[in-house]
Amino acid sequence: MKYLTLSAFLLALIGCTNNTAKTTEEAPAPQTEQSTSANQADLKEVTLKIEGMTCAHGCAATIEKNLNKTEGVSKAVVDFDSKTATISFDAHKLSKESLISVIEGSNGGDSYKVIP
């Protein structure tokens with residue numbers, strides 16, 4: 001029975017490790033030097049507090065992935081422990097409200113809430 005429990009634990013741990021690797025691989029491709037320097041002046045950073053996250057590998061990773069694939073987002077990092085998302089974005093393409101919509105729309109739209 002000990003070996004069965006230990007095996008299940010190790011498989012779960014390996015599964016979590018594989019999910020983390022997939023999230024990292026799905027990061028957007030870096031921009032060219034010219035477009036990066038041109039957009040640096042337009043970048044704005046905001047940190048948003050998020051309610052409803054229950055795990056780092058599912059909830060936080062899903063929100064982070066959705067933010068990073070949003071056009072106009074330069075970089076998004078979701079911290080499960082502090083329940084925050086720190087987002088660098090092009091203020092000419094996106095607003096804080098549109099970022100909140102992406103977060104609250106993740107996972108079907110009924111799981112996460114950005115709080116003031």
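Reading guide: rules and limits
Residues numbered from 1 in each chain as written. Predicted model: local features only at pLDDT ≥ 70, side-chain atom pairs only at ≥ 80, totals over all residues. Heavy atoms only, no water. Helix = DSSP H or I, 4+ residues; strand = E, 2+ residues; numbered from the N terminus. Buried < 20%, exposed > 50% of the residue type's maximum accessible area, 1.4 Å probe, protein only. Contact = heavy atoms within 4.5 Å. Areas by Shrake-Rupley, 256 points an atom, 1.4 Å probe, with all protein chains shown as cover. Core = buried A, V, L, I, M, F, W, Y, C linked by side-chain atoms within 4.5 Å. Salt bridge = Lys/Arg side-chain N within 4 Å of Asp/Glu carboxyl O.

Peer 1: Residue-level account of the overall build of the protein chain, with values.
Peer 2: Helix and strand content of the protein chain: four helices and four strands. Going residue by residue from the N terminus, the α and β elements of the protein chain occur as α-α-β-α-β-β-α-β. The burial tally for the protein chain puts 25% of its 116 residues in the buried class. Expressed as a percentage of contacts within the protein chain between residues at least 6 apart in sequence, the contacts between residues at least 24 apart total 58%. Total accessible area computed for the protein chain in this model is approximately 7800 Å², and 56% of it derives from carbon and sulfur atoms.

Peer 1: Account for unusual backbone geometry, with residues named and values stated.
Peer 2: Positive phi is not limited to glycine here, since Lys83 has a value of about 60°. Here Lys83 shows up in the loop between β2 (73-79) and β3 (84-90). The backbone phi angle of Asn107 is positive, close to 60°, even though this residue is not glycine. Note that Asn107 resides in the loop between α4 (96-105) and β4 (113-115).

Peer 1: Could you give me a rundown of the nonpolar core, with the residues and numbers involved?
Peer 2: Within the largest apolar cluster, 20 residues are counted, with the highest numbers of intra-cluster contacts made by Met53, Ile63, Leu67, Ile87, Leu99 and Ile103. Those elements that provide at least two residues to this core are β1 (43-51), α3 (56-68), β2, β3 and α4.

Peer 1: Got a sec to walk through the pattern of salt bridges? Specific residues and values, please.
Peer 2: With the rule as written, the count across this model stands at one salt bridge. We note a salt bridge from Glu104 to Lys113, for which the minimum N-O separation is 3.7 Å.

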